[in-house]
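Structural overview for review
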Amino acid sequence: MSDRVLFGELFGSDESDADQTEAAVDPEPEPEPEPEADLVPGLAVRRGVLDDATCAQYFDWLSREYFSGGRRANQGMHFGALTDSSTPLGCLAQLAGALPGLLPESVRGSRRVLFDQAIVNMYDSDEGIGDHIDLLRFADGIVGFSFGGAATMRLRPVARGRDRELAARYAGEAQSRDPREVSVRLCAGDVYAMSGPARFAWTHGFPRSVDGAPNVAARRISVTLRKLCADQDRR
Ligand SMILES: O=C(O)CCC(=O)C(=O)O
Ligand SMILES: [Fe+2]
């Protein structure tokens, strides 16, 4: 099945009526109070942006596209401008750009192409990802969509420049001397964005267990949208 066919099924093609689009995606979700996000400057969370049926279709498509056919990988990559909103990843990119206040104007306004890289991560029970800062070759303003099982993302501040550098290089080896720790529960259909301090001065990760129980109870697949810094962009 091609991206286009899937998109047509999910959101309706140009010919179809607008009701279909509205059924799948809330066009203007009202930002809800976000206690965790207030604690991490530059973190924004929007809950339930994609409805259950759309999440299920994304989960199936991502599973087939990145993790089927005997592949043992738990990570897939996309490189290239995500500007075609008739594709599933392009549609997420468009949505991320359209959600009010998700990304600061300084990020949205500074880019011709909002995202040109996506990483797709799959987590099964007992799996997680170490505390890290995304590689510095990616620009400010990173957006993550969650599908499948719920999980807790943990964020910790890293004040010292050297620690930040290490965190940006070695997932799981981040050193934080700051006892602050913020947990954000992410469910299917939720979207988060990390900008400014949340992007560069806090690590994020998904611990394997939380309070003695597996963090991921049912398979979770995430899509993280990023933009290569201009000097990395060879196109
Ligand atoms: O699974 C997620 O939501 C985040 C993944 C992540 O932090 C990364 O791939 O850098
Ligand atoms: Fe990350």
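Fair warning: this is a prediction, and the values are worked out from it, not measured in the lab.

Here is what the cut-offs are and how they apply
- Residues numbered from 1 in each chain as written.
- Chains lettered and ligands numbered in written order.
- Predicted model: local features only at pLDDT ≥ 70, side-chain atom pairs only at ≥ 80, totals over all residues.
- Heavy atoms only, no water.
- Helix = DSSP H or I, 4+ residues; strand = E, 2+ residues; numbered from the N terminus.
- Buried < 20%, exposed > 50% of the residue type's maximum accessible area, 1.4 Å probe, protein only.
- Contact = heavy atoms within 4.5 Å.
- Areas by Shrake-Rupley, 256 points an atom, 1.4 Å probe, with all protein chains shown as cover.
- Pairing = 2+ DSSP bridges.
- Axes fitted to C-alpha atoms, helices over the stretch in contact; angles between N-to-C directions.
- Donors = N, O, S within 2.8 Å, 3.2 Å for Na, K, Ca; no water.
- Phe/Tyr/Trp six-rings, centres within 6.5 Å; stacked < 30°, edge-to-face > 60°.
- pLDDT = per-residue confidence, 0-100.

1. Concerning the overall build of the protein chain
Summing up its helical and strand segments, the protein chain has eight helices and twelve strands in all. The proportion of buried residues among the 235 residues of the protein chain is 48%. In the protein chain, the share of contacts with a sequence separation of at least 24, taken over all contacts with a separation of at least 6, comes to 83%. For the protein chain, the computed accessible surface area is about 11,500 Å², with 48% contributed by carbon and sulfur atoms.

2. Digging into the environment of V216
Position of V216 among the secondary structure elements: in the loop between β11 (213-214) and β12 (220-226). Judged by its relative accessible area of 1%, V216 falls in the buried class. Each C-alpha atom of the pair V216 and S125 lies 4.9 Å from the other, and the pair is 91 residues apart in sequence.

3. Some points on the sheet that holds strand β7 (residues 182-186)
As summarised here, the arrangement of the four strands in space is β4-β9-β6-β7, forming an open sheet in which the pairing is antiparallel. Lying at the two open borders of the sheet, with one neighbouring strand each, are β4 (129-132) and β7. In this sheet, neighbouring strand axes are inclined to one another by 20 degrees on average, regardless of whether the strands run parallel or antiparallel. The sheet contact formed by strand β6 (residues 151-157) and β7 spans five bridges and is antiparallel. For M153, the partnering residue across the bridge sits in β7 and is V184.

4. Things to note about the coordination of the iron ion (ligand 2)
Coordination sphere of the iron ion (ligand 2), protein contribution only: H132 (NE2), D134 (OD) and H204 (NE2), at 2.0 to 2.2 Å. Of note, the donors binding the iron ion (ligand 2) are all from one chain and are spaced H-x1-D-x69-H. D134 shares its class with H132; the two are buried.

5. Structural notes on the packing of aromatic side chains
Aromatic rings in a pair are described by how distant their centres are and how their planes are angled relative to each other. Applying the stated criterion to the full structure yields four aromatic pairs. Here W61 and Y66 contribute two aromatic rings whose centre-to-centre distance is 6.1 Å and whose plane-to-plane angle is 85 degrees, an arrangement assigned as edge-to-face. In this structure W61 comes out as buried when scored by relative accessible area, which is 3%. On the basis of relative accessible area, Y66 is assigned to the buried category, the value being 12%. When the ring of Y123 is compared with that of F206, the centres are 5.5 Å apart and the planes differ by 45 degrees; the resulting orientation is tilted. Here Y123, found in strand β3 (residues 117-123), pairs with F206, found in strand β9 (residues 202-206); they are 83 residues apart in sequence, far enough to count as distant. Under the relative-accessibility criterion, Y123 is labelled buried at 5%. The class for F206 is buried, based on a relative accessible area of 3%. Through a chain of ring-to-ring contacts, three or more aromatic side chains come together here, namely W61, Y66 and F67.

6. Re the confidence of the model for the protein chain
Summarising the model, the protein chain shows a mean pLDDT of 84, and 73% of its residues fall at 70 or more. In this model residues 1-8 is a low-confidence stretch, pLDDT under 50, and it forms 21 contacts with partners more than four residues away in sequence or in other chains. Every residue in residues 11-23 scores below 50 in pLDDT, and together they form 14 contacts with partners more than four places removed in sequence or on other chains.

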